[in-house]
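Breakdown of the fold
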Amino acid sequence: MTTTSALKDLSQDDAIMMLRNMIRIRRFEEKLSVLFKRGKLPGFVHLYTGEEAIAVGACSALRTDDRITSTHRGHGHLIAKGARVDRMMAELFGRVDGYCRGKGGSMHIVSFELGIIGTNGIVGGGIPIGTGSAWADRHLGRDNVTIVFFGDGASNQGVFFESMNIASVWGLPVIFVCENNGYTEWTPTSELTAGNIVDRAAPMGIPGEAVDGNDVVAMRFAVERAVERARKGEGPTLIEAKSYRWNGHNEGEEAFAGAYRPDEEQAAWRERDPILAFGERLVENEWLSRDEWAAIDSDEQAQIEAAVEFAENSPFPDAEEVLDHLFAPSKERA
Amino acid sequence: MAAKTVTEERNVYFIEAMREGLRAMLGEDENVVIIGEDVGRSVIGATRGLVEDFGPMRVRNTPISEATFVGMCVGAAAVGLRPVVDLMVGSFFYVAMDQLADQAAKLRYMSGGQVNLPIVYFTATGPSGSAAAQHSENPHPMLMNVAGLKIVMPSTPYDAKGLMVSAIRDDNPVVYLQDFVLGGVRGPVPEETYSIPLGVGDIKRAGKDVTVVAIGAAVPKALRVANKLEAEGISVEVVDPRTLVPLDMDLILESVARTGRLVVVDNARLTCSAASEIVASVSEKGFDLLKAAPQRVAWENVPVPFSPPLEERALISDSDIDSAIRLTLA
């Protein structure tokens, strides 16, 4: 596993932007937790708190025209890929200014112009979709790459193996980023999963790399290496990012899930806060003062408050929109 | 072009008509690609020979991973390809159901209309004679209920070509079902490229006493029965919807308005069949037009069995259609 990472290979601007994005995700998720408890959100949410370094490190290695597919725990991926928190919040409120005009909600926010081409409520559901965009880009002679984000639970879905196989055989520019947060819903993944997930790359004949998912710099460079290979036509890579989700599988689970994670385990991982660790490194490196760090944080907090206001002021869609968007208009004359 | 000339010069197998549609679209738009298991050799035949003309990147063999390649088309279509999948056998949709029903069918709607997904999933389907339960399914009733998939089920070589062209030009996921038993049927097909709009049915035989709506391989059966009944002075109109989503209910209601009687013949299990949907819609929208209770003719609610007498008993026979027609006239 890659345990050390070289800050010096990043630019200062990049590093500060990465810290900012991680903070944005953290504050967004914390706000959702509160809003959920207050009954302000329709439906349910799966929070990304604790795993911010994975999305931010990975997406910082992409161009804006590269693509991702995301998961039910997807808010972090979307923010890291450039999604606006106000339009995301509006979507979570079911409002017309949301990315999907309120038709998608937490688990289905997409923005094709940002390269976010699928966010899935089905565990593993996005893996073939991202493999497909990589196929199309390669077929059409473009050099875009696709990151497929998925969890440790999805690593036991058949489409994961199938997609790695076809991506290997066809040499597709796709990076499979498995976020191993230790739990498959409410069960320890170790009880359900044979061997190490990263080792599943070997029989497919593709590179596999295990990365400390709480180290944003390590994530950045692991993905950057994979992106470089993919752009050169050298095919897919599997990256297993080991981390931990601070919150439950979904908010409100305490009503039914019981205590399934040891307190000491949770405390130990919270000690390894990826944002705190990275911020401290930037301070040590004299790239950032503590005041500047605090200013970034309060700025991001303010953005989240503004996003909530934006969402609350956005109208619900007209109920008749229920019938819109099913099919694209037909070009053939009837 | 005179129809007579066409018939003499261009009598084409159904499966060849599909291939002509595929070939025309590969030629028309370089973003059209065909993938599937053994599409190079093409066991069923629709893609046979295309790899020689368009190369192995545009007619591309896949591993036996239906869920994955059905889903890959969603991502590929979202970024600019127009993928066409040869799924080979209709029941293989079940292997890929999440990617078809949760992904391909829903992504446009869930995204608030951000993206078009021009994909065609075609397959041979339906009973073909002792193919047994897992190779005899007709999945159209289930897929009609998904919302987000157009469904095409042609009954003639002419329709097979024109509907293939429209399906590939359409900017939505389209399921194109080729009844196995129709593959070897011949009929007139113009050489030039033409299209038949999705959602426009066709009156395959005009009549005045009873409307028989028939779907896919049920159409030739209905026509055979109609021709036989003509001798008894019973005039049967045979309506072929050609596409089930969108469904040309106007044409069906117009026909029922003329005849006052309705039989729907569906090559599928009875429960929640297309026949059930059509009979229900006509009952709601055209109850006053009906002179008799509408009838459904469909399979028994069992998997299609292997042994020939069992299979024959489970499926639709000409006499089932005959009896249903007579019941509406009784």
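Residues numbered from 1 in each chain as written. Chains lettered and ligands numbered in written order. Predicted model: local features only at pLDDT ≥ 70, side-chain atom pairs only at ≥ 80, totals over all residues.

**Things to note about the overall build of chain B**
Across its full length, chain B holds 13 helices and 14 strands. Against the globule reference of 20 Å for 330 residues, chain B gives a C-alpha radius of gyration of 19 Å, in line with a compact fold. For chain B, the proportion of its 330 residues judged to be buried stands at 56%. By sequence separation, contacts in chain B at least 24 residues apart represent 79% of the contacts at least 6 residues apart. (Helix = DSSP H or I, 4+ residues; strand = E, 2+ residues; numbered from the N terminus. Rg over C-alpha atoms; globule rule 2.2 N^0.38 Å. Buried ≥ 20, exposed ≤ 12 C-beta atoms within 10 Å, placed from the backbone. Contact = placed C-beta atoms within 7 Å.)

**As for the interface of chain A and chain B**
Facing 39 residues of chain A, the contacting portion of chain B comprises 43 residues. Contributing elements (two or more residues each) for the side of chain A that touches chain B: β2 (116–119), α5 (126–139) and α6 (158–170) of chain A. Residue contributions to the side of chain A that touches chain B peak at ten residues, all from α5 of chain A.

**What about the sheet that holds strand β9 (residues 202–205) of chain B?**
Residues and elements named next belong to chain B. On the basis of which strands lie adjacent, the open sheet formed by five strands has the order β9-β11-β10-β13-β14 and mixed pairing. Each edge of the open sheet carries a strand with a single partner, namely β9 and β14 (295–299). Between one strand axis and the next, the sheet turns by 25 degrees as a mean value, whatever way the strands run. With respect to the sheet, helix α13 (residues 318–329) is in contact with β10 (210–214), β11 (236–240), β13 (262–269) and β14, its orientation differing from that of β14 by roughly 165 degrees. (Pairing = 2+ DSSP bridges. Axes fitted to C-alpha atoms, helices over the stretch in contact; angles between N-to-C directions.)

**Details of the packing of helix α10 (residues 249–259) of chain B against helix α11 (residues 274–285) of chain B**
A pair of packed helices can be characterised by two numbers: the angle between their axes and the separation between those axes. All names here are of chain B. At a minimum axis distance of 11 Å, the contact between α10 and α11 shows a crossing angle of 65 degrees. For α10 against α11, the interelement crossing comes out right-handed. Each of M249, I252, L253 and V256 in α10 lies in contact with α11, whose residues at this interface are I278, S281, V282 and K285. (Left-handed = near helix turned anticlockwise from the far one by under 90°.)

**A few points about the domain arrangement of chain B**
Residue and element names in this part refer to chain B. Split into domains, chain B comes out as domain 1 (3–188) and domain 2 (202–329). On a C-alpha basis, the centres of domain 1 and domain 2 stand 25 Å from each other. Contacts between the two partners involve 23 residues from domain 1 and, on the opposite side, 24 residues from domain 2. Those elements that place two or more of their residues in the side of domain 1 that touches domain 2 are α7 (140–144), β6 (150–152), α8 (157–169) and β7 (173–179). Classifying every residue of the side of domain 1 that touches domain 2 gives 14 nonpolar, six polar and three charged. (Domains from an automatic or database assignment. Nonpolar A, V, L, I, M, F, W, Y, C, P; charged D, E, K, R; others polar.)

**Examining the pairing of strand β1 (residues 67–70) of chain A**
Residue and element names in this part refer to chain A. Here β1 shows a buried face lined by R67 and T69 and a second buried face lined by I68 and S70. Where β1 meets strand β3 (residues 146–151), three bridges bridge the pair, whose relative direction is parallel. Counterpart to T69 in the pairing with β3 is V148.

**Observations regarding the packing of helix α9 (residues 218–230) of chain B against α13 of chain B**
Residues and elements named next belong to chain B. α13 packs onto α9 with a crossing angle of 55 degrees between their chain directions and a minimal axis gap of 9 Å. Between α9 and α13, the interaxial angle falls into the category oblique. Crossing hand, α9 versus α13: right-handed. Residues K221, A222, R224, V225 and L229 of α9 lie in contact with α13, whose contacting residues are D318, I321, D322 and I325. (Parallel < 35°, antiparallel > 145°, perpendicular 65-115°, else oblique.)

**A few points about the nonpolar core**
Core analysis: the biggest nonpolar cluster contains 195 residues, and I175, V177 and I239 of chain A together with Y176, V212 and V265 of chain B have the highest contact counts within it. Looking at which domains feed residues into this core, each of domain 1 (3–188) and domain 2 (202–329) of chain B supplies at least three. Residues in contact with V177 of chain A, not counting those within four places in the same chain, are I54, A58, I147, V148, F149, I239 and A241 of chain A. (Core = buried A, V, L, I, M, F, W, Y, C linked by C-beta atoms within 7 Å.)

**Structural notes on the confidence of the model for chain B**
Here chain B averages 96 in pLDDT, while 98% of its residues score no lower than 70. Reported confidence for the predicted complex is 0.96 by ipTM and 0.96 by pTM. (pLDDT = per-residue confidence, 0-100.)

**Quick word on helix α5 (residues 97–104) of chain B**
If you check which residues of α5 of chain B are buried, you get D98, Q99, L100, Q103 and A104 of chain B. Those residues of α5 of chain B hidden inside the fold are in contact with α5 of chain A together with α4 (66–78), α6 (107–110), β5 (119–125) and β7 of chain B.

**Some thoughts on the sheet that holds strand β8 (residues 237–242) of chain A**
All names here are of chain A. Across the sheet, six strands lie side by side as β2-β1-β3-β4-β8-β7; this open sheet has parallel pairing. The sheet is open, and its two borders are formed by β2 and β7 (208–212), each paired with just one other strand. Within this sheet the neighbouring strands show an average axis-to-axis angle of 20 degrees, counted without direction. Bridging between β1 and β2 involves two bridges; their strand directions are parallel. Looking at β2, one finds that I68 is bridged to I116. Relative to β3, α5 is tilted by about 170 degrees, and along the sheet it contacts β1, β2, β3 and β4 (174–180).

**Here's the deal with unusual backbone geometry**
Across the junction of V245 of chain B and P246 of chain B, the peptide omega takes the value -10 degrees, indicating a cis bond. You can see P246 of chain B is positioned in the loop between β12 (243–245) and α10. A positive phi angle, close to 55 degrees, is found at R101 of chain A, a residue other than glycine. When you line up the elements, R101 of chain A lands in the loop between α4 (85–92) and β2. On the basis of neighbour count, R101 of chain A is assigned to the buried category, with 21 C-beta atoms found within 10 Å. In this structure, E185 of chain A is a non-glycine residue whose phi angle is positive, near 55 degrees. Position of E185 of chain A among the secondary structure elements: in the loop between β5 (183–184) and β6 (187–188).

**A look at α4 of chain B**
Residues and elements named next belong to chain B. Here α4 spans 19 Å end to end across 13 residues, near enough to the 18 Å set by a 1.5 Å rise per residue. For α4, a buried count of 13 out of 13 residues is recorded, marking the element as mostly surrounded by other parts of the structure. At the C-terminal side of α4, G80 shows a positive phi close to 125 degrees. (Expected span 1.5 Å × (residues − 1).)

**Structural notes on the environment of F161 of chain A**
Residues and elements named next belong to chain A. Assignment of secondary structure puts F161 in helix α6. The class of F161 is partly exposed, set by 17 C-beta atoms lying within 10 Å. Expressed as a C-alpha distance, the spacing of F161 and A201, which sit 40 residues apart in the sequence, is 9.1 Å.

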